[in-house]
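Structural characterization, general
One letter stands for each residue in the lines below.
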Amino acid sequence: MKETVGTRGLQFNEPLLFEQGSKGRIGSSLPPPDVPTRRPERLIPKKALREEIEGFPELSEPEVVRHFTRLSQWNYGIDVGFYPLGSCTMKYNPRVNEDMARLPGFARLHPYTPEALAQGALQLMWELERYLAEISGMDRVTLQPAAGAHGELTALMMIRAYLESRGNPRRKVLVPDSAHGTNPASSTLCGYSGVSLKSGPRGIVEPSTVASAMDEEVAAIMITNPNTLGLFEEHLLEIAEIVHEKGGQVYCDGANLNALLGIARPGDMGIDAIQFNLHKTFSTPHGGGGPGAGPVGIKAHLAPFRPVPTVERKGDRFCLNDDLPQSVGKVRSFYGNFGTMVRAYAYIRALGPSGLRKVAERAVINANYLMSHLKGIYHLPYDRFCKHEVIFTDAYQQPHGVSTMDIAKRLIDYGFHSPTIYFPLIVKGALMMEPTETESKETLDQFIEAMKRIAKEAEEDPELLHKAPHHSKVTRLDEVRAARQPNLRWRPQSKEVPEVPPGALKGEGG
Ligand SMILES: *Cc1c(COP(=O)(O)O)cnc(C)c1O
């Protein structure tokens with residue numbers, strides 16, 4: 001049977017909004033207003049008003065609905081399939097979290113609502129702080145930072161304020177070379193110069209490396225545990241001792257907390273401050289820049305420097321407190337991303353302590369399952385048990401001229417999102433896989449099978465991989481040109497899909 005023109009099955013092609021509609025079409029038909037109308041010039045200064053937007057699309061409601069629904073069907077997300085993007089913890093986001101975040105009492109609460117009428121929201125924040133403190137072994141928590149990186153910066157600001165109060169804010173921050181790029185960026189933004197620490201041969205930081213870099217101008221070490229190689233920093237206690245002895249602070253990048261939940265607590269490992277990526281570990285849909293939250297847990301000596309307002313409890317009432325003389329000030333409008341806090345709260349309450357522990361256990365088992373099945377087929381640079389994620393490389397495929405990029409692109413043809421690639425930077429051609437706890441054995445087996453077939457294809461038909469993906473709407477792009485001169489008009493490239501009929505893509509620029 002001949003394919004319908006312009007579609008593949010029921011996946012539709014979709015021109016830009018600017019290429020659709022017709023003059024005079026509108027998306028709604030409201031009755032005439034029963035109050036006097038005003039011309040826009042009387043409300044907005046004339047110079048701020050645009051006469052007419054040339055070519056502004058005029059569309060009916062169904063056209064708009066179909067446009068965005070079709071585009072959403074091109075998208076890939078955790079609700080569609082496996083998303084082993086290392087370091088990002090792309091776990092399934094339980095629907096009950098969404099239900100709770102949409103309760104009108106939470107979703108419609110105005111940030112200026114008087115405290116007396118917002119007791120439930122304040123109580124939720126107060127309790128969430130305590131849960132996060134308990135889970136991490138820290139004394140206090142601030143919920144305000146809006147993302148992990150923002151949490152890093154907020155924590156360093158508190159550390160700076162603390163050291164300043166003791167006479168010297170110091171100049172340097174130590175950052176292992178396996179760290180996420182946000183670590184050196186946060187330290188620079190906070191006025192520190194980053195000093196890179198070389199990871200040892202086992203992929204973790206050696207105490208001797210820290211000892212030789214440590215002096216009284218080092219404000220803090222930023223250490224990720226488990227680190228971005230998916231390995232537990234086994235010498236953390238000793239490292240913390242070395243840093244503390246010279247008056248420095250130990251900051252933990254807590255983005256990988258999924259591996260530790262209910263098993264080990266950073267607060268028991270000599271950590272002074274840690275950020276939580278609520279959107280990763282505590283299951284809020286993320287990626288694409290949507291709202292997240294990066295609360296920071298701190299030990300008592302850093303508590304006076306928390307951002308304001310803090311959430312306090314007086315008897316059975318909850319209130320906001322701006323009276324914290326040594327506070328670093330405000331880091332976010334209002335109180336942070338409240339919707340993300342509701343989701344994290346619902347997640348923690350739904351799982352409870354034993355459920356949280358199972359999260360970590362299963363996340364670790366799933367990563368080790370991938371490791372044991374792909375070992376020998378892909379090069380494993382650190383051949384030891386991993387935590388929540390595992391790193392392979394393209395070293396076995398390179399002799400056939402096949403790279404990590406080719407493997408990642410070919411996975412799309414098999415229906416999988418790629419792992420994180422070329423990160424961490426210290427592993428050449430890295431493929432960083434984080435399956436998370438929410439994937440079934442069947443899904444992991446399908447992924448393993450796809451990875452095995454790709455390894456075979458690399459030997460038998462490297463050309464096939466160089467041109468992958470073959471079955472997607474858009475096939476292999478020139479990455480640099482796509483980033484610098486994005487062409488958002490979709491155009492079929494694959495031979496199997498017929499050309500769009502003339503006129504469907506008006507003004508196609510090529
Ligand atoms: C994701 C991540 C961050 C940054 O978190 P954002 O919420 O994206 O700002 C920092 N460190 C590590 C190890 C991460 O995986």
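Read on for a plain summary of the structure. (Residues numbered from 1 in each chain as written. Predicted model: local features only at pLDDT ≥ 70, side-chain atom pairs only at ≥ 80, totals over all residues. Heavy atoms only, no water.)

Some details on the overall build of the chain
Of regular secondary structure, the chain possesses 14 helices and 14 strands. Relative to the 2.2 N^0.38 estimate, which gives 24 Å for 510 residues, the radius of gyration of the chain is 26 Å and therefore close to what a compact globule would have. Taken along its principal axes, the extent of the C-alpha atoms in the chain is 75 × 75 × 45 Å. Counting every position in the chain, which comprises 510 residues, the buried fraction comes to 49%. Pairs at least 24 apart in sequence give 69% of the contacts found in the chain among residues at least 6 apart. Of the accessible surface of the chain, which amounts to about 25400 Å², a share of 55% is contributed by carbon and sulfur atoms. Between the centroid of the 59 positive side chains of the chain and the centroid of its 60 negative side chains there is a distance of 4 Å. (Helix = DSSP H or I, 4+ residues; strand = E, 2+ residues; numbered from the N terminus. Rg over C-alpha atoms; globule rule 2.2 N^0.38 Å. Buried < 20%, exposed > 50% of the residue type's maximum accessible area, 1.4 Å probe, protein only. Contact = heavy atoms within 4.5 Å. Areas by Shrake-Rupley, 256 points an atom, 1.4 Å probe, with all protein chains shown as cover. Lys, Arg positive; Asp, Glu negative; His and termini not counted. Charge placed at Lys NZ, Arg CZ, Asp CG, Glu CD.)

Considering the site of the ligand
Looking at the ligand, the residues that line it are Ser87, Ala147, Gly148, Ala149, Glu152, His180, Thr182, Asp253, Ala255, Asn277, His279 and Lys280. At 2.6 Å, a side-chain N or O of Asp253 approaches a nitrogen atom of the ligand. Within the contact set of the ligand, an oxygen atom lies 2.8 Å away from a side-chain nitrogen or oxygen of Lys280. Isolated, the ligand exposes 380 Å² of accessible area, and the fraction of that covered by the protein chains is 86%. Counting only elements with at least two residues in the shell around the ligand, the list comes to helix H5 (148-165) and helix H9 (278-281). For the shell around the ligand, the element with the most residues is H5, which contributes three residues. Across the shell around the ligand, the residue classes tally to three nonpolar, six polar and three charged. (Near = heavy atom within 4 Å. Polar contact = N/O pair within 3.5 Å; in protein donor to acceptor, adjacent residues only side chain to side chain. Nonpolar A, V, L, I, M, F, W, Y, C, P; charged D, E, K, R; others polar.)

Thoughts on unusual backbone geometry
The peptide bond linking Asn225 to Pro226 adopts the cis configuration, its omega dihedral lying at -10°. Structurally, Pro226 is set in the loop between strand S6 (218-224) and helix H8 (236-245). Here the residue pair Ala468 and Pro469 is connected by a cis peptide bond, since its omega of 0° sits within 30 degrees of zero. Looking at the element boundaries, Pro469 is found in the loop between helix H13 (462-466) and helix H14 (479-484). Its identity is not glycine, yet Thr89 carries a phi of approximately 45°, on the positive side. With respect to the element layout, Thr89 can be found in the loop between helix H1 (61-74) and helix H2 (95-101). Judged by relative accessible area, Thr89 falls into the buried class, the value being 0%. At Phe334, a position not held by glycine, the phi torsion is positive, near 55°.

Brief notes about the packing of aromatic side chains
Applying the stated criterion across every chain, the model contains 12 aromatic pairs. When the centroid spacing of 5.2 Å and the interplanar angle of 80° are considered together, the rings of Tyr112 and Phe334 count as edge-to-face. Of this pair, Tyr112 sits in the loop between helix H3 (104-107) and helix H4 (119-136) while Phe334 sits in the loop between strand S11 (317-321) and helix H10 (338-374), and the two are 222 residues apart along the sequence. Taking the relative accessible area as the measure of exposure, Tyr112 reaches 66% and is therefore exposed. Judged by its relative accessible area of 31%, Phe334 falls in the partly exposed class. The rings of Phe82, Phe416 and Phe447 are connected pair by pair, giving a single aromatic cluster. Over the aromatic face of Trp126 sits the side chain of Arg130, whose NZ or CZ is 3.9 Å from the ring centroid. Sitting above the plane of the Trp126 ring, Arg313 keeps its charged end 5.0 Å from the centroid. (Phe/Tyr/Trp six-rings, centres within 6.5 Å; stacked < 30°, edge-to-face > 60°. Lys NZ or Arg CZ within 6 Å of the ring centre and 35° of its normal.)

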